[in-house]
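The primary structure of each chain is shown beneath.
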Amino acid sequence: MKRPAKETEESARKISRRAALLGGAQLAFAGVLVLRMRSLQLGQSSEYRLLADENRINIRLLPPSRGLILDRNGVTIASNVQNYRIVLVREDAGEPREALERLAQLIPLSEPEIERAEREILRHRPFVPVTIIDQLSWEEVARVAANAPALPGITPEVGQTRFYPYGADFAHAVGYVGPVSERDLAERENPEPLLMIPRFQIGKIGVERELDDDLRGSAGHRRIEVNAVGREMRELDRQEGDPGTNIELTLDRELQAFSLARLGEESASAVVMEIATGNILALASSPSFDPNLFVRGISIDDYAGLRDNDRRPMSNKTVQGAYPPGSTFKMVTALAALEDGLATPEERVFCPGYLEVSGRRFHCWNRGGHGRVNLVSALSESCDVFFYDMAQRVGIDRINAMAARLGLGIRYDLPLSGVSSGLNPSREWKRARRDAEWVVGDTINASIGQGFVLTTPLQLAVMTARLATNREILPRLVHKLGGVEQPIADQPSLGLSAAGLAQVRRGMSEVSNSNRGTAYSSRIVDATMRMAGKTGSSQVFSITAAERAAGVRRQSQLPWNRRDHALFVAFAPEETPRYAISVVVEHGGGGSSVAAPIARDIILAAQARGLPPLDAYPRSQRNRIESMINTISEQIGPAAVPTTGRSRA
């Protein structure tokens with residue numbers, strides 16, 4: 001049956017409306033899509049082009065060349081040398097263990113080295129190049145290059161590594177570098193990206209560590225094109241980084257080498273200062289070690305040998321060692337008494353070999369006593385009883401103040417590791433640290449540099465320079481930074497009495513130049529180079545009554561580690577002082593017999609700016625001295641030459 005015409009017409013109108021609505025919606029959607037495409041293609045095209053480039057281009061850091069370290073004459077004492085190494089990219093190499101085992105067939109890789117390299121590889125993203133091994137010889141690199149088709153993802157490279165041409169001579173002062181460790185990163189709040197480069201080297205001790213920010217330089221970069229999974233396709237451009245700053249130290253290479261050689265096998269230290277500037281010319285700590293071993297990767301056996309050596313070759317004794325100064329402290333006590341008018345240079349004190357205080361006997365080193373002595377003879381002959389008497393007059397407060405005035409108990413701001421402040425004790429210190437009151441016996445012990453008093457060899461050299469000048473000399477280690485000379489600290493007057501200081505200097509002169517002086521056998525006979533000094537011996541262990549009864553009295557009869565420390569301080573030339581020196585020989589026995597001869601030879605070398613002149617020695621000693629100087633000259637020799645190959649870990 002046919003629908004009515006009216007219904008048919010109504011139905012057609014509804015279909016037309018639906019079609020119009022649907023068409024309009026489609027047209028609107030198409031319009032929005034066209035507008036969005038137009039916006040993307042025209043309005044935001046640069047933004048999305050940049051995002052596409054970032055997906056296609058990677059930027060990789062280039063380590064900068066590390067700054068050189070030079071001595072005061074421009075001699076390079078820390079340099080950079082060519083370093084052949086092997087790098088691996090995990091995504092190209094496949095399974096790290098298999099790749100490393102293939103590499104081990106061409107160059108020697110121990111199991112610990114393979115395990116370390118595997119851990120390092122897995123710490124980084126697959127496309128990051130990781131240094132597997134370095135310090136390779138040319139022959140080893142050539143073998144890897146020749147077998148490149150069988151070693152996907154493994155590439156030989158040429159870089160730079162640190163080298164110390166004078167080996168052990170500057171090990172404690174300059175220090176050494178090594179790869180960045182987790183501990184190094186943890187010490188920095190926001191480590192810069194440069195430190196994330198696998199096996200990037202930074203300073204570990206000494207100047208290398210303390211001035212690392214200057215020496216390190218700033219990274220360069222290279223832009224490389226990579227595929228979708230990050231594989232490098234080609235290098236687009238490269239910008240080298242800024243090299244580190246060159247640093248010129250105040251140390252003198254020849255004097256440093258001579259000082260270390262003269263210390264020999266002793267566990268000892270020597271500091272030489274240029275008095276006018278405070279420049280440290282020598283900072284020798286013996287025994288030393290070759291810092292190149294640490295750069296290359298020190299072997300387990302080599303490290304154990306250094307760690308277990310009872311003479312502590314890893315310790316920088318010049319600034320880290322704190323020792324009782326013994327009789328080298330007596331000038332402090334003398335000046336404390338003279339400055340406050342509690343003693344006069346002419347006054348004499350009787351020394352019977354001991355002084356009894358509060359029922360306790362304090363002995364002089366000369367058990368028979370020195371008889372009647374004044375300030376000059378007490379210093380010259382190192383009479384303990386004289387200074388015991390002075391100590392009771394001046395008290396610890398004045399001694400403490402004078403010690404500080406002369407530079408003791410101060411931590412000097414030098415770019416060295418572990419600089420000690422020593423100990424300049426006071427009533428307050430003992431109360432705070434020992435929960436006890438200061439007693440007169442403490443003062444008597446302190447007056448001769450025993451008891452609680454501790455000093456470093458550097459502090460003793462500073463004290464000696466101040467005694468020689470009556471000025472506040474400060475030690476200085478950096479001469480130039482990036483070619484710019486660093487300022488010398490102000491040297492205000494100490495304000496010490498000229499008359500009192502003259503008596504102390506006269507006493508020091510007689511130590512070395514009077515036939516009753518404790519260092520007369522180590523005198524300098526050339527009047528233009530003569531030195532004024534002071535011997536010292538600091539007790540490590542007391543000889544027990546039983547040992548004394550058994551006849552054990554001499555230092556040579558005691559085990560090495562129970563013998564006294566031997567000390568000597570001096571300035572020269574006596575009339576116009578230019579150099580100050582301190583020498584400490586651990587368990588050396590006697591300052592006059594062990595430390596003084598070493599100090600004399602070194603301060604003569606400083607004045608001669610070369611080997612000590614034979615005519616400056618007493619005639620009877622010249623044959624022996626000539627033999628010693630020739631031996632040292634052979635030991636010093638020329639600078640070392642970099643070698644290829646690695647230490648076995």
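Just above sits the structure.
Report follows, based on the coordinates.

Describing the overall build of the chain
- A count of helical and extended segments in the chain gives 24 helices and 21 strands.
- For the chain, with 649 residues in total, the buried portion stands at 51%.
- Considering only contacts in the chain between residues 6 or more positions apart, those separated by 24 or more positions represent 73%.
- When the accessible surface of the chain is totalled, it reaches about 30,400 Å², and 50% of it is carbon and sulfur.

Brief notes about the nonpolar core
- Residues Leu-249, Ile-280, Val-332, Phe-386, Leu-406, Leu-416 and Met-463 are the most contacted members of the largest nonpolar core, which totals 96 residues.
- By residue number, the principal contributor to this core is helix α17 (residues 384-405), which donates ten residues.
- Excluding its chain neighbours within four sequence positions, the residues that come into contact with Leu-406 are Val-332, Leu-335, Val-462, Met-463, Arg-466, Leu-467, Leu-494 and Leu-496.
- Grouped together as the second largest cluster of nonpolar side chains are 40 residues, Phe-258, Ala-570, Ala-605 and Ile-629 included.

Quick word on the side chain of Thr-277
- Its place among the elements puts Thr-277 in the loop between β11 (268-274) and β12 (280-286).
- In this structure the side chain of Thr-277 is engaged in a polar contact, spanning 3.1 Å, whose partner is the backbone nitrogen of Asn-279.
- Among residues more than four places away in sequence, those in contact with Thr-277 are Leu-474, Arg-476, Ile-488 and Gln-491.

Some words on unusual backbone geometry
- Going from Ser-286 to Pro-287, the amide bond is cis rather than trans, its omega being -5 degrees.
- Mapped onto the fold, Pro-287 is located in the loop between β12 and α12 (292-296).
- Here the bond from Ala-572 into Pro-573 is cis, since omega is -10 degrees, no more than 30 degrees from zero.
- Here Pro-573 is to be found in the loop between β20 (565-572) and β21 (579-585).

A look at the packing of aromatic side chains
- Inspection of the entire model under this criterion finds ten aromatic pairs.
- Ring geometry for Trp-438 and Phe-452: centres 5.9 Å apart, planes at 55 degrees, overall tilted. With Trp-438 in the loop between α18 (427-434) and α19 (440-447) and Phe-452 in the loop between α19 and α20 (457-469), this residue pair connects regions lying 14 residues apart in the sequence. Neither residue differs from the other here; Trp-438 and Phe-452 are each classed as buried.
- Chaining the aromatic ring pairs together yields one cluster made of Tyr-176, Phe-289, Phe-294 and Tyr-303.
- Between Arg-311 and the ring centre of Trp-560, over which it is positioned, the NZ or CZ distance is 4.3 Å.
- Stacked on the ring of Tyr-520, the Lys or Arg Arg-523 has its end atom at 4.0 Å from the ring centre.

Let's talk about the sheet that holds β20
- Strand order in this open sheet of five strands is β12-β11-β21-β20-β19, and the pairing throughout is antiparallel. The two strands at the open ends of the sheet, each matched to only one other strand, are β12 and β19 (532-538). Here the average twist between neighbouring strands, direction ignored, is 5 degrees.
- α20 rests against β11, β12, β20 and β21 of the sheet, and its axis sits at about 145 degrees to β21.
- Here helix α21 (residues 498-513) sits on the sheet and contacts β19 and β20; the angle it forms with β19, its principal contact strand, is near 75 degrees.

Looking at the environment of Leu-460
- Turning to its location among the elements, Leu-460 is positioned in helix α20.
- Once the C-alpha coordinates of Leu-460 and Ser-582 are considered, the two residues, 122 residues apart in sequence, prove to be 6.0 Å apart.
- In this structure Leu-460 touches Pro-325, Thr-328, Thr-455, Leu-567, Val-569, Ser-582 and Val-584, once residues within four positions along its chain are discounted.

What about α19?
- By the criterion of burial, α19 is predominantly enclosed, with six of the eight residues buried.
- Residues of α19 that are buried: Gly-441, Asp-442, Thr-443, Ile-444, Ala-446 and Ser-447.
- The first or second residue beyond α19 is Gly-449, which carries a positive phi of 75 degrees.

A short note on the pattern of salt bridges
- Applying the stated criterion across every chain yields a total of 30 salt bridges.
- With its nearest N and O atoms 3.1 Å apart, the salt bridge here joins Arg-97 to Glu-111. Within this pair, whereas Arg-97 is found in helix α4 (residues 96-104), its partner Glu-111 is found in helix α5 (residues 111-123), the two being separated by 14 residues in sequence.
- For Asp-397, the salt bridge identified is with Arg-427, shortest N-O distance 3.2 Å. Taken together, the residues Asp-397 in helix α17 and Arg-427 in helix α18 connect sequence positions 30 residues apart.

Section: the packing of helix α11 (residues 253-263) against helix α24 (residues 622-636)
- At their nearest, the axes of α11 and α24 sit 10 Å apart, and the two run at 120 degrees to each other. Accordingly, the angle class assigned to the pair α11 and α24 is oblique. Like other packed secondary-structure pairs, α11 and α24 cross with a definite hand, here right-handed. On the side of α11, the interface is formed by Arg-253, Ala-257, Phe-258, Ala-261 and Arg-262, while α24 contributes Met-628, Ile-632, Gln-635 and Ile-636.
- Residue classes in the contact of α11 with α24 are distributed as six nonpolar, one polar and two charged.

A closer look at the pairing of β12
- Burial runs high along β12: seven of the seven residues are buried.
- Examined bridge by bridge, β11 and β12 share six bridges and lie antiparallel to one another. If you follow Met-273 over to β12, its bridge partner there is Ile-280.
- Turn length for the β11-β12 hairpin, with the two strands adjacent in sequence and antiparallel, is five residues, and the turn residue Gly-278 shows positive phi of about 85 degrees.

Here we look at the pairing of strand β17 (residues 478-481)
- Where strand β10 (residues 247-249) lies against β17, three bridges are found, and the strand directions are antiparallel. Note on β17: the bridge partner recorded for Leu-249 is Val-478.
- Pairing geometry for β17 and strand β18 (residues 484-485), over two bridges, is antiparallel. What sits directly across from Lys-480, in β18, is Glu-485.

Some remarks on the side chain of Asp-384
- Within the element layout of this structure, Asp-384 appears in helix α17.
- Taking the relative accessible area as the measure of exposure, Asp-384 reaches 7% and is therefore buried.
- Within polar-contact distance, the side chain of Asp-384 engages the side chain of Lys-330 at 2.6 Å.
- Reaching out from Asp-384, the side chain makes a polar contact with the backbone nitrogen of Trp-365 at a distance of 3.0 Å.

Details of the state of the cysteines
- Taken as a whole and assessed by the stated rule, the structure comprises zero disulfides.
- In this structure Cys-351 is not part of a disulfide, and its nearest cysteine sulfur, from Cys-383, lies 3.6 Å away.
- Free cysteine Cys-364: the closest other cysteine sulfur is in Cys-351, separated by 4.1 Å.

Considering a nonpolar patch on the surface
- A cluster of nonpolar side chains, namely Phe-29, Leu-33 and Met-37, defines an oily patch on the protein surface of about 320 Å² accessible area.
- Position of Met-37 relative to the elements: it lies in helix α1 (residues 5-43).

Basis of the calculations
Residues numbered from 1 in each chain as written. Predicted model: local features only at pLDDT ≥ 70, side-chain atom pairs only at ≥ 80, totals over all residues. Heavy atoms only, no water. Helix = DSSP H or I, 4+ residues; strand = E, 2+ residues; numbered from the N terminus. Buried < 20%, exposed > 50% of the residue type's maximum accessible area, 1.4 Å probe, protein only. Contact = heavy atoms within 4.5 Å. Areas by Shrake-Rupley, 256 points an atom, 1.4 Å probe, with all protein chains shown as cover. Core = buried A, V, L, I, M, F, W, Y, C linked by side-chain atoms within 4.5 Å. Polar contact = N/O pair within 3.5 Å; in protein donor to acceptor, adjacent residues only side chain to side chain. Phe/Tyr/Trp six-rings, centres within 6.5 Å; stacked < 30°, edge-to-face > 60°. Lys NZ or Arg CZ within 6 Å of the ring centre and 35° of its normal. Pairing = 2+ DSSP bridges. Axes fitted to C-alpha atoms, helices over the stretch in contact; angles between N-to-C directions. Salt bridge = Lys/Arg side-chain N within 4 Å of Asp/Glu carboxyl O. Parallel < 35°, antiparallel > 145°, perpendicular 65-115°, else oblique. Left-handed = near helix turned anticlockwise from the far one by under 90°. Nonpolar A, V, L, I, M, F, W, Y, C, P; charged D, E, K, R; others polar. Disulfide = S-S within 2.5 Å. Patch = residues over 30% accessible without salt bridge, like charges linked within 9 Å, V, L, I, M, F, W, Y side chains within 5 Å.

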